[in-house]
Each structure stands twice: as structure tokens, then as C-alpha cells.
Amino acid sequence: MAETLPLIYLPIFFHCIMGLIAAQVAQRKGYDLSLWLVWGTLGGTVALVDALRRPRQPQ
């Protein structure tokens, strides 16, 4: 088991990177960054797709 444990870290790392990108995209579109950091951490790829599809917030 100790030999396979590092294999778990790579998908988790990419999941968190996708979440950070989702938070950045949502923040640039005018959404709350702190909320999207939480959604990005939990959602990863799903949060990124959601952030990309959301319309820009009116100023």
C-alpha cells in the first residue's frame, strides 16, 4: 500500500488546480472569490465548467 499511496496525490493535486482555476475565472467574471474557492476545492472540474458557462455579472 505504501508504494501506491503517491499515485493518489496526483489526481488530488490536479483536482485542486482545477478548483483554483475555476475560482479565478469566476472572480474575473465578477463573482465572490471566497465562495468560489470553496466550490473549487469541493468541485474541481465541475466548478471549472460551471464558472466557464456562467455569464458575466453586471457592474
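As shown above, the structure is provided for reference.
Here we summarise the structure given alongside this text. Bear in mind the structure is a predicted one, so any value in this text is a computation, not a measurement.

## Section: the packing of aromatic side chains
Right, so step 1: All chains considered together, the criterion is met by two aromatic pairs.
Right, so step 2: Across the ring face of Tyr31, the terminal group of Arg54 is positioned such that the distance to the ring centre comes to 5.4 Å.

## Regarding helix α3 (residues 45-53)
Side chains three or four residues apart in an α-helix point the same way, a direct result of the helix having 3.6 residues per turn.
Right, so step 1: Along α3, the positions that sit buried rather than exposed are Ala47, Leu48 and Ala51. Mapping the buried residues of α3 onto a view down its axis gives an arc of 100°, with all of them on the same face. Summarising the geometry of α3, the exposed residues directed more than 90 degrees from the buried face are Val46 and Arg53.

## So, a nonpolar patch on the surface
Right, so step 1: A grouping of Leu10, Phe13, Phe14, Ile17, Leu20, Ile21, Leu33 and Leu37 is seen on the molecular surface, where their side chains present a nonpolar patch of about 700 Å² in accessible area.
Right, so step 2: Mapped by element, the contributors of at least two residues to the nonpolar patch are α1 (5-28) and α2 (33-43).
Right, so step 3: The element contributing the most residues to the nonpolar patch is α1, with six residues.
Right, so step 4: Positionally, Leu20 belongs in helix α1.

## Some points on the packing of α2 against α3
Right, so step 1: Running from amino to carboxyl end, α2 crosses α3 at an angle of 135°, the nearest separation of the two axes being 6 Å. Considering their axes alone, α2 and α3 lie oblique with respect to each other. Across the interface between the two elements, Trp36, Trp39, Gly40 and Gly43 of α2 pack against Thr45, Val46, Ala47, Asp50 and Ala51 of α3.
Right, so step 2: Taken together, the residues of the contact of α2 with α3 break down into five nonpolar, three polar and one charged.

## Some details on the nonpolar core
Right, so step 1: Of all hydrophobic cores here, the largest spans nine residues; its members are Ala22, Ala23, Val25, Ala26, Tyr31, Trp36, Ala47, Leu48 and Ala51.
Right, so step 2: When residues of this core are traced back to their parent elements, those giving at least two are α1 and α3.
Right, so step 3: When residues of this core are assigned to their parent elements, the largest contribution, four residues, is made by α1.

Rules of the game
- Residues numbered from 1 in each chain as written.
- Predicted model: local features only at pLDDT ≥ 70, side-chain atom pairs only at ≥ 80, totals over all residues.
- Heavy atoms only, no water.
- Phe/Tyr/Trp six-rings, centres within 6.5 Å; stacked < 30°, edge-to-face > 60°.
- Lys NZ or Arg CZ within 6 Å of the ring centre and 35° of its normal.
- Buried < 20%, exposed > 50% of the residue type's maximum accessible area, 1.4 Å probe, protein only.
- Helix = DSSP H or I, 4+ residues; strand = E, 2+ residues; numbered from the N terminus.
- Arc of directions from axis to C-beta.
- Patch = residues over 30% accessible without salt bridge, like charges linked within 9 Å, V, L, I, M, F, W, Y side chains within 5 Å.
- Areas by Shrake-Rupley, 256 points an atom, 1.4 Å probe, with all protein chains shown as cover.
- Salt bridge = Lys/Arg side-chain N within 4 Å of Asp/Glu carboxyl O.
- Axes fitted to C-alpha atoms, helices over the stretch in contact; angles between N-to-C directions.
- Parallel < 35°, antiparallel > 145°, perpendicular 65-115°, else oblique.
- Contact = heavy atoms within 4.5 Å.
- Nonpolar A, V, L, I, M, F, W, Y, C, P; charged D, E, K, R; others polar.
- Core = buried A, V, L, I, M, F, W, Y, C linked by side-chain atoms within 4.5 Å.

Structural measurements only, silent on function.
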